[in-house]
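# Structural features, examined
Letter by letter, the chains look like this.
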Amino acid sequence: MVLVMLTLLMIQLQSFSRLLLVFMTAPLGIIGASLGLNVANQPFGFVALLGLIALAGMIMRNAVILVDQIETDVAHGLTRREAIVEATVRRARPVVLTALAAILAMIPLSRSAFWGPMAITIMGGLFVATFLTLLYLPGLYALWFRKSLEESGPGEQVDPATQQHHGPVQPAFPLAEAAE
């Protein structure tokens, strides 16, 4: 099963380094899952383990979205440093909203005697891991590619004559520039 998961991620990410970055975010959910189970006084049994496996998939999905957006921004001509900031700012709201939707969807299951530990595991783990992913993954990405942070991707070739008429290139999200 792990081999199938690694193969699918490798096909999607097309790089061993990006695959490793995504896989290193999966354990972030354990922090919130254990806190959630302790606060709710629920046991860590088989059903909670199933929730932890599902949680790892949700966290890695968020990481794939963020890494893919960074790579897309680099391909459009931004430096890796700019792409990390832009992608994180641009993808923060969709990632947080999908995580919040999943957390809220687990509320009815959380009082179930059988499915309760799974729901608590997913709720606590996803709550903590979403914020840790948005902080940890960009930092890990910058650390991993630290030698090429200032290199920009190929981007689109722009004729200097047309560049003068359109003015300077503005970032996709102005808050990222204001934060620097």
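Keep in mind it's a predicted model, so treat the numbers as computed, not measured.

### Focus on the overall build of the protein chain
Within the protein chain, the secondary structure is distributed over eight helices and zero strands. Listing every helix and strand of the protein chain by position from the N terminus yields α-α-α-α-α-α-α-α. Residues counted as buried form 39% of the 180 residues belonging to the protein chain. Partitioning the intrachain contacts of the protein chain with sequence separation of at least 6 by distance along the chain shows that 73% fall at a separation of at least 24.

### Here we look at the layout of surface pockets
Approximately 290 Å³ is the volume found for the second largest pocket. Lining the second largest pocket are Met1, Val2, Val4, Met5, Leu8, Leu9, Phe23, Ala26, Ile53, Ala56, Gly57 and Met60. Of all elements in the fold, only helix H1 (2-13) and helix H4 (46-75) reach the threshold of two or more residues within the lining of the second largest pocket. When the residues that make up the lining of the second largest pocket are grouped by side-chain class, the tally is 11 nonpolar, one polar and no charged.

### Things to note about the packing of aromatic side chains
Evaluation of the coordinates by the stated rule reveals three aromatic pairs. Seen from their ring centres, Phe127 and Phe131 are 5.6 Å apart, and the 75 degrees between their planes marks the pair as edge-to-face. In this pair, Phe127 and Phe131 both sit in helix H6 (residues 116-144), four residues apart, roughly one turn of the helix. Here Phe131 falls in the partly exposed class, since its relative accessible area comes to 42%. Pairing Tyr141 with Phe145 gives two aromatic rings, centres 4.6 Å apart and planes at 45 degrees, and the pair type is tilted. Neither residue differs from the other here; Tyr141 and Phe145 are each classed as buried. The cationic tip of Arg80 hangs over the ring face of Phe145; the distance from NZ or CZ to the ring centre is 4.5 Å.

Rules behind the numbers
- Residues numbered from 1 in each chain as written.
- Predicted model: local features only at pLDDT ≥ 70, side-chain atom pairs only at ≥ 80, totals over all residues.
- Heavy atoms only, no water.
- Helix = DSSP H or I, 4+ residues; strand = E, 2+ residues; numbered from the N terminus.
- Buried < 20%, exposed > 50% of the residue type's maximum accessible area, 1.4 Å probe, protein only.
- Contact = heavy atoms within 4.5 Å.
- 1 Å grid on protein atoms, 1.4 Å probe; cavity = no way out; pocket = protein on both sides within 12 Å on 5 of 7 lines; lining within 4 Å.
- Points joined across faces, edges and corners; volume = space filled by probe spheres on them.
- Nonpolar A, V, L, I, M, F, W, Y, C, P; charged D, E, K, R; others polar.
- Phe/Tyr/Trp six-rings, centres within 6.5 Å; stacked < 30°, edge-to-face > 60°.
- Lys NZ or Arg CZ within 6 Å of the ring centre and 35° of its normal.

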